[in-house]
Amino acid sequence: MSSTAFPRINITKGVIVLAFTAILLQIDIVHGEEKQCTNLVSFNAGLAPVVAKMDDRVPAIANSLKEINSDVICLQEVWFERSLNKLVELLGDDYPYHYSVLHKKVGTVRSKGRSWFSWLFPDAPCSAKEAAYIVKDLGGCAIKSGCVGSNPQEVGGCLASKCRDVLKSRKLSQSCLSCTLFSLSSISSTINECNRVFGANNRFNGPGLVVFSKKQISSAKYNKFFPFSKLFVERGYIDTKIDDVGRVVCTHLSAHFGSYFEFDTYFKNYKDQQTAEIRRLGRFRFMEHILLGDLNTGPQITFKDSKYNIESVYPSNFRRLMIYGYSDPYINEVQLCTYCQYNRLTTKGQSHILDHIMLRGRKFKDVETQRVMVHYNGAPISDHYGVELSFCRA
């Protein structure tokens, strides 16, 4: 009986090791089970005129995110369409799935074929009529009431108390109002950002949120926290479902300010407004999901060397999130500030942990977390630092 001779194949141990390692970069194998592993980043990009070198920092942000190479990114404070477009241009090859309130659909910011029309009649946060209303009516009230200056918080607080009816008028849209507040660093900044006659489109991304993902986003929806109120700073969340990751909720909660400058709510201060926002997130508390973003709340943490101390921000609201069943590995394991007094782009003299990636559910295993997005080529890239978290799910 004849036998068939097969050619000998020489496979070195090195080749086997390299192949096996490549597989383990994508999955962990324990007791014969495959574990799907994912990593996420939350980063407040600070892309507002009041934070220095807004446009210059966009490439550094994109390059830093590429180096981290996470699966999912939740960005906050990407306020203007031109910043969004640049990030999509720089990150789109690596992150084909992205979404914001400005998007026509997942992966598409605008429909194609409007280039010449858009140049002649660009979309801007403020129409010509709104610009005239701001100059004549709101400007007149501001001067009469003494609400002038370059500090958006101080001007906003003054306008909210003395020019409420002018602000609530239907002649002034939400996006125009918000853009004007964020561009108060100078008159030229307000005109260039909010009322373009010719040039590129520059719509205002009301909540400032953008989600980027390497994996397919099967559904994405933006929800306002207060859909029936006109706010200086719109707040809400992007609720996404991402293949092989699960439910991911990207948000930016109300910040701590000395004065309350909203005029169309029933809240007395930003702590109460943030509490209401967290309560609205309570709809997710019985679902397995990931909550990430600049939550603007965190506990106090003290160290032997006081220069590393973390000051609390609305600690009762942070406890509320813990009561809802979230875990915060970064708070438990890293405890480094994400808004730091030694960052040259910050304006406060204290350090806080404001940025979080929180987990709700029991299937998150092998969790690791760290601070990221600190510097690029030796320079800070935002007034915040980022948080990265990785986990596996059996």
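The rules we used
- Residues numbered from 1 in each chain as written.
- Predicted model: local features only at pLDDT ≥ 70, side-chain atom pairs only at ≥ 80, totals over all residues.
- Heavy atoms only, no water.
- 1 Å grid on protein atoms, 1.4 Å probe; cavity = no way out; pocket = protein on both sides within 12 Å on 5 of 7 lines; lining within 4 Å.
- Points joined across faces, edges and corners; volume = space filled by probe spheres on them.
- Helix = DSSP H or I, 4+ residues; strand = E, 2+ residues; numbered from the N terminus.
- Nonpolar A, V, L, I, M, F, W, Y, C, P; charged D, E, K, R; others polar.
- Expected span 1.5 Å × (residues − 1).
- Buried < 20%, exposed > 50% of the residue type's maximum accessible area, 1.4 Å probe, protein only.
- Contact = heavy atoms within 4.5 Å.
- Polar contact = N/O pair within 3.5 Å; in protein donor to acceptor, adjacent residues only side chain to side chain.
- Core = buried A, V, L, I, M, F, W, Y, C linked by side-chain atoms within 4.5 Å.
- Phe/Tyr/Trp six-rings, centres within 6.5 Å; stacked < 30°, edge-to-face > 60°.

Engineer: Would you mind going over the layout of surface pockets in detail, with residue names and values included?
Structural biologist: Think of a ball as big as a water molecule: rolled over the atoms, this probe shows where empty space is left. Empty space within the largest pocket amounts to approximately 780 Å³. In terms of lining residues, the largest pocket is bounded by 33 residues, among which Glu 77, Gln 153, Phe 257, Thr 347 and Asp 383 are the most central. At the level of secondary structure, the elements contributing two or more residues to the lining of the largest pocket comprise α6 (152–162) and α8 (174–182). Class assignment for the residues of the lining of the largest pocket results in 16 nonpolar, 12 polar and five charged.

Engineer: An account of helix α10 (residues 270–281) is needed here, citing residue identities and associated values.
Structural biologist: In a regular helix each residue adds 1.5 Å, so 12 residues correspond to 16 Å; α10 covers 16 Å between its end C-alpha atoms and thus fits that length. Buried within α10 we find Tyr 270, Gln 273, Gln 274, Thr 275, Ala 276, Glu 277, Ile 278 and Leu 281. Contacts made by the buried residues of α10 are with β7 (236–242), β8 (246–252), β9 (289–294) and α11 (315–323). The N-terminus of α10 is capped by Asn 269, whose side-chain oxygen sits 3.2 Å from the backbone nitrogen of Lys 271.

Engineer: How would you explain the nonpolar core if you had to name every residue and give the values?
Structural biologist: With 108 residues, the main nonpolar core has Leu 87 and Ile 290 as its most contacted residues. Residue contributions to this core peak at six residues, all from helix α2 (residues 57–68).

Engineer: Account for the side chain of Ser 351, naming residues and giving values.
Structural biologist: With respect to the secondary-structure elements, Ser 351 resides in the loop between α12 (329–333) and β10 (355–360). By relative accessible area, Ser 351 is classed as buried at 4%. A polar side-chain atom of Ser 351 sits 3.1 Å from the main-chain amide nitrogen of Gln 341.

Engineer: Outline the packing of aromatic side chains, supporting the account with residue identities and numerical values.
Structural biologist: Counted under the stated rule, the structure contains 17 aromatic pairs. With centroids separated by 5.5 Å and ring planes inclined at 50 degrees, the aromatic side chains of Phe 225 and Tyr 237 adopt a geometry described as tilted. Here Tyr 237 lies in strand β7 and Phe 225 lies in the loop between β6 (217–224) and β7, a separation of 12 residues in the sequence. Each member of the pair, Phe 225 together with Tyr 237, is buried. A centroid spacing of 4.9 Å and a plane angle of 85 degrees characterise the contact between Phe 364 and Phe 391, whose relative ring orientation is edge-to-face.

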